Amino acid sequence: MTLSYQTPDRLEEVRTFWEGAARRVKAYHEAPSTQVYFEQEKNLVQEFFAPLKELLFLKTDLWNEAKNTRLLWWVQSMGSRAVGIDISQGVFKEIKEKWPEEANATWLVMADVRELPFLDDSFSGIYSMGTVEHFRETELALSEIYRVLRPRGKAIIGVPNKHDLFLRPLQVFILRRLGLYAFGQEKSFSRIQLRSMLEKTGFKIVAERSLLFMPGVLRIADLYCYHHAPFLLPLTKLMLKPFDFLYNRFAFFRKRGYLLAMVVEK
């Protein structure tokens, strides 16, 4: 199924697609590459959202909680008042089956990031990683994030990096043409394009980072081994180490990952 995301009123089509994706894609929470990604996310949030205690925090999709990293639960465990939204009933169903008892203070809302059901100036911190690029109306989603962020509040907004050193957008294009890409339409942006969109929305850029500095083929191989050849996971974990070292050691590589991450302020 191919989505064009032409107008904001195609909510049911978008929701149907992600419910199908939720059924097709198996969770990969404990894969070595996912653990690397999760540590990078936690470090990013701690660097720019601290102190987390009592922070009113919004995450703009719950795919990772269902399949990938579990950032929202971790933020809640650090004392934040966490709110998560998602457009898909399938994702919600999977999350509820996995929901840890200690995270019962987290609020979950079925909603569309292009039309957030919250009052203006509601949240002190917002995390939107890999969400807004799946809609044609990316700028509408950004304007909604701006609207519900409090003055002087911070947001971290991430999208695929058009200039990924490992040519991940090309890989995604090829997989999509072959019908092997599970995540639908996905736009990528240069850092200049992302900065321009954010500043046009009204945000002030605070910092530039990225996540998932690793070859896309290694990430895919790691997830494949996680489900089909777990005896090879020590090898994929070893292969990830040089990229993790470079990312943690050098600022240059912390801006060159697959997901651009802009820290912004209202």
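Residues numbered from 1 in each chain as written. Predicted model: local features only at pLDDT ≥ 70, side-chain atom pairs only at ≥ 80, totals over all residues. Heavy atoms only, no water.

### Some remarks on the side chain of E186
Now for step 1: Summarising the element assignment, E186 is placed in the loop between helix 7 (168-177) and helix 8 (191-201).
Now for step 2: Among buried Asp, Glu, Lys and Arg side chains, E186 stands out as unpaired, with R176 the closest opposite charge at 6.0 Å.
Now for step 3: Of note is the side chain of E186, whose polar atom sits 2.6 Å from the side chain of Y258.
Now for step 4: The contact partners of E186, leaving out residues within four places of it in the chain, are E133, H134, P160, V172, R176, Y181 and Y258. (Helix = DSSP H or I, 4+ residues; strand = E, 2+ residues; numbered from the N terminus. Buried < 20%, exposed > 50% of the residue type's maximum accessible area, 1.4 Å probe, protein only. Lys, Arg positive; Asp, Glu negative; His and termini not counted. Salt bridge = Lys/Arg side-chain N within 4 Å of Asp/Glu carboxyl O. Polar contact = N/O pair within 3.5 Å; in protein donor to acceptor, adjacent residues only side chain to side chain. Contact = heavy atoms within 4.5 Å.)

### A closer look at the environment of W74
Now for step 1: Within the fold, W74 resides in helix 4 (residues 71-77).
Now for step 2: We classify W74 as buried; its relative accessible area is 13%.
Now for step 3: With 159 residues separating them along the chain, W74 and L233 place their C-alpha atoms 25 Å apart.
Now for step 4: Excluding residues that lie within four positions of it along the chain, W74 makes contacts with F38, K42, V45, Q46 and L52.

### What to know about the sheet that holds strand 6 (residues 204-211)
Now for step 1: Reading across the sheet, the 7 strands line up as 3-2-1-4-5-7-6 and stay open at both edges, with mixed pairing between neighbours. One side of each edge strand has no neighbouring strand; the edge strands of this open sheet are strand 3 (107-110) and strand 6. Looking at each pair of strands side by side, their axes are set apart by 15° on average, direction ignored.
Now for step 2: Two elements, strand 1 (residues 56-59) and strand 4 (residues 123-129), share 3 bridges in a ladder whose sense is parallel. (Pairing = 2+ DSSP bridges. Axes fitted to C-alpha atoms, helices over the stretch in contact; angles between N-to-C directions.)

### Quick notes on unusual backbone geometry
Now for step 1: Cis rather than trans, the peptide bond between A50 and P51 has omega equal to -5°.
Now for step 2: Examined against the element boundaries, P51 turns out to sit in the loop between helix 2 (32-49) and strand 1.
Now for step 3: One non-glycine residue, L167, lies in positive phi territory at about 60°.
Now for step 4: In this structure, L212 takes a positive phi of about 60° despite not being glycine.
Now for step 5: L212 sits in the buried class, given a relative accessible area of 5%.

### Some thoughts on the pattern of salt bridges
Now for step 1: Counted by the stated rule, this structure contains 17 salt bridges.
Now for step 2: A salt bridge links R81 to E54; its shortest N-O distance comes to 3.9 Å. With R81 in strand 2 (residues 81-86) and E54 in the loop between helix 2 and strand 1, this residue pair connects regions lying 27 residues apart in the sequence.
Now for step 3: A relative accessible area of 48% means that E54 is categorised as partly exposed.
Now for step 4: For R147, the salt bridge goes to D120, with nearest N and O atoms at 2.8 Å. Highlighted residues: R147 in helix 6 (residues 138-148) and D120 in the loop between strand 3 and strand 4, separated in sequence by 27 residues.

### As for the nonpolar core
Now for step 1: Membership of the largest hydrophobic core comes to 81 residues, with the highest contact counts inside it found for L58 and L198.
Now for step 2: When residues of this core are assigned to their parent elements, the largest contribution, 7 residues, is made by helix 2.
Now for step 3: Discounting chain neighbours no more than four positions away, the residues touching L198 are L142, I157, F203, I205, M262 and V264. (Core = buried A, V, L, I, M, F, W, Y, C linked by side-chain atoms within 4.5 Å.)

### Quick word on the side chain of T138
Now for step 1: Positionally, T138 belongs in helix 6.
Now for step 2: In this structure the side chain of T138 is engaged in a polar contact, spanning 2.8 Å, whose partner is the backbone oxygen of V132.
Now for step 3: Discounting residues that sit within four places of it in the chain, T138 has contacts with V132, E133, K187, F189 and M197.

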